[in-house]
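Residue-level structural notes
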Amino acid sequence: MKTQGKTTGCDCTQAGTATGRPSLGAGRYAMGLAALAAWFILYGRLSQLSRLVTYDLLGLAPGSRLADAVEFFCYDAPKVLMLLTLVVFGVGIIRSFFTPERTRRILAGKRESVGNVLAALLGIVTPFCSCSAVPLFIGFVSAGVPLGVTFSFLVSAPMVNEIAVALLYGLLGWKVAALYMALGLVVAIVSGWVLGRMRLERYIEDWVLAIRAGQASDTPEAMTVNDRIDYAVHAVKDILGRTWKWVLLGIAVGAGIHGYVPEGFMASIMGSGSWWSVPLAVAIGIPMYSNAAGIVPVVEALLAKGAALGTVLAFMMSVIALSLPEMVILRKVLKVPLLLAFAGIVGCGILLVGYVFNLIL
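What comes next concerns the included structure. (Residues numbered from 1 in each chain as written. Predicted model: local features only at pLDDT ≥ 70, side-chain atom pairs only at ≥ 80, totals over all residues. Heavy atoms only, no water.)

We now examine the packing of helix α13 (residues 277-285) against helix α15 (residues 309-321). Between α13 and α15, the least distance of the axes is 8 Å, while the angle of their chain directions is 25 degrees. Taken together, the axis directions place α13 and α15 in an arrangement best described as roughly parallel. You can see that α13 and α15 cross each other, and the crossing is right-handed. Residues Ser277, Val278, Ala281, Val282, Ile284 and Gly285 of α13 form the contact with α15, whose own contacting residues are Thr311, Ala314, Phe315, Ser318 and Val319. Of the residues in the contact of α13 with α15, the class split is 7 nonpolar, 4 polar and no charged. (Axes fitted to C-alpha atoms, helices over the stretch in contact; angles between N-to-C directions. Helix = DSSP H or I, 4+ residues; strand = E, 2+ residues; numbered from the N terminus. Parallel < 35°, antiparallel > 145°, perpendicular 65-115°, else oblique. Left-handed = near helix turned anticlockwise from the far one by under 90°. Contact = heavy atoms within 4.5 Å. Nonpolar A, V, L, I, M, F, W, Y, C, P; charged D, E, K, R; others polar.)

Written out as structure tokens, the structure is:
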């Protein structure tokens, strides 16, 4: 879940004392490098450690369904959490250069075609979650950002986020991660462009249209390097604190699929041979409440059991971009016709993604 926190870190980059002792900033950087080295060493040994826990400590029989499920969980749980920590920290540094107000000003006044592309790209690095859909929507509309551009941002921000891309890269490789990011951006850009052409501004709730944007300001002072590090550390604590339960739940579901679902079962209902597999996957995904961190391990397990890539990507996109809770929240600012148009156009884009990649892969 994307969040924007306020940091109050102090500037610790002053020079060392006259005695020649290193500054606090230098010591902090050294600790960071040591932690990064430890991260890579531990990450490289996760497979060995998962087997040690499963077969040596727990004494499970190799080849049993329970052992397969437990080994999957013991491997993926620390792997996903470690990836989350590293990625959220890195993207937290990037996010420290962007605030919702700055993003709003970047998008306001742009030509709609350019704005759709720019909004979709900004959605990747700008803090966003379902709970912030309403204030962001109000801020964009009241600042004069075109409706279609606003929707490109609202689709891209939750769906093409750093957590989804990084976890897909770590678990399934760069090709799947790049494919997902490209598809998500296309869906966001095209759906926003189509909605913009439909001229549905009259279906925004009246109280939203009555609001005029106030003068919003960014942080009055430029953030120092240590401020940005503090911001990133805060982002790690906040996002992990919000998502770790969903991560473990998703990995547990994935472990169950990995250990107990027969090889051919998922291929029979989520394979590329049945025309109804993609709509079924989307229909299953919409009522689910999860985030990218929780759903990616499930995607990994589905693919391992023979589900088609296009069908699984459609399932993942529907969970993240068309979840029922987000639709309920957006209903506060959108009248029913506009909400249905938004869900229908995004849903059609997701279905198209599923069918196309089931055909070509």
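A separate point is unusual backbone geometry. Within the chain, Arg199 stands out as a residue other than glycine whose phi angle is a positive 55 degrees. Mapped onto the elements, Arg199 comes out in the loop between α9 (174-197) and α10 (206-209).

Take the packing of aromatic side chains next. Using the criterion set out here, one finds 3 aromatic pairs in the structure. Judged by centre distance (4.9 Å) and plane angle (80 degrees), the rings of Trp39 and Phe40 are edge-to-face. A ring pair is formed by Phe151 and Phe342, whose centres lie 4.9 Å apart and whose planes are at 25 degrees; its orientation type is stacked. You can see Phe151 sitting in helix α7 (residues 147-159) and its partner Phe342 sitting in helix α17 (residues 336-360), a full 191 residues away along the chain. There is no split in this pair, since Phe151 and Phe342 are both buried. Of the aromatic side chains, those joined through ring pairs into one cluster are Trp39, Phe40 and Tyr43. (Phe/Tyr/Trp six-rings, centres within 6.5 Å; stacked < 30°, edge-to-face > 60°. Buried < 20%, exposed > 50% of the residue type's maximum accessible area, 1.4 Å probe, protein only.)

Turning our eyes to something else, we now look at the nonpolar core. Ranked by internal contacts, the top residues of the largest apolar core, which has 81 residues, are Phe137, Phe151, Met159, Tyr180 and Met316. If we skip the residues at most four places from it in the chain, Phe137 touches Leu147, Thr150, Phe151, Leu154, Ile204, Val208, Val333 and Leu334. Grouped together as the second largest cluster of nonpolar side chains are 7 residues, Ala119, Leu122, Phe140 and Ala157 included. (Core = buried A, V, L, I, M, F, W, Y, C linked by side-chain atoms within 4.5 Å.)

So, on to the pattern of salt bridges. A complete count under the given rule lists 2 salt bridges for this structure. The partner of Arg331 in a salt bridge is Glu205, and the shortest N-O contact between them spans 2.8 Å. Of this pair, Arg331 sits in the loop between α16 (324-330) and α17 while Glu205 is found in the loop between α9 and α10, placing the two residues 126 residues apart along the sequence. For Arg331, a relative accessible area of 35% puts it in the partly exposed group. (Salt bridge = Lys/Arg side-chain N within 4 Å of Asp/Glu carboxyl O.)

The grouping of Trp275, Trp276, Leu280, Ile284, Met288 and Tyr355 at the surface amounts to a nonpolar patch, some 580 Å² of accessible area in total. Mapped onto the fold, Leu280 is located in helix α13. (Patch = residues over 30% accessible without salt bridge, like charges linked within 9 Å, V, L, I, M, F, W, Y side chains within 5 Å. Areas by Shrake-Rupley, 256 points an atom, 1.4 Å probe, with all protein chains shown as cover.)

With their axes 9 Å apart at the nearest point, α13 and α17 run at an angle of 140 degrees to one another. With respect to α17, the element α13 is oriented oblique. In the packing of α13 onto α17, the handedness of the crossing is right-handed. Contact residues: α13 offers Ser277, Val278, Pro279 and Val282, while α17 offers Ile350, Leu351, Gly354, Tyr355 and Asn358.

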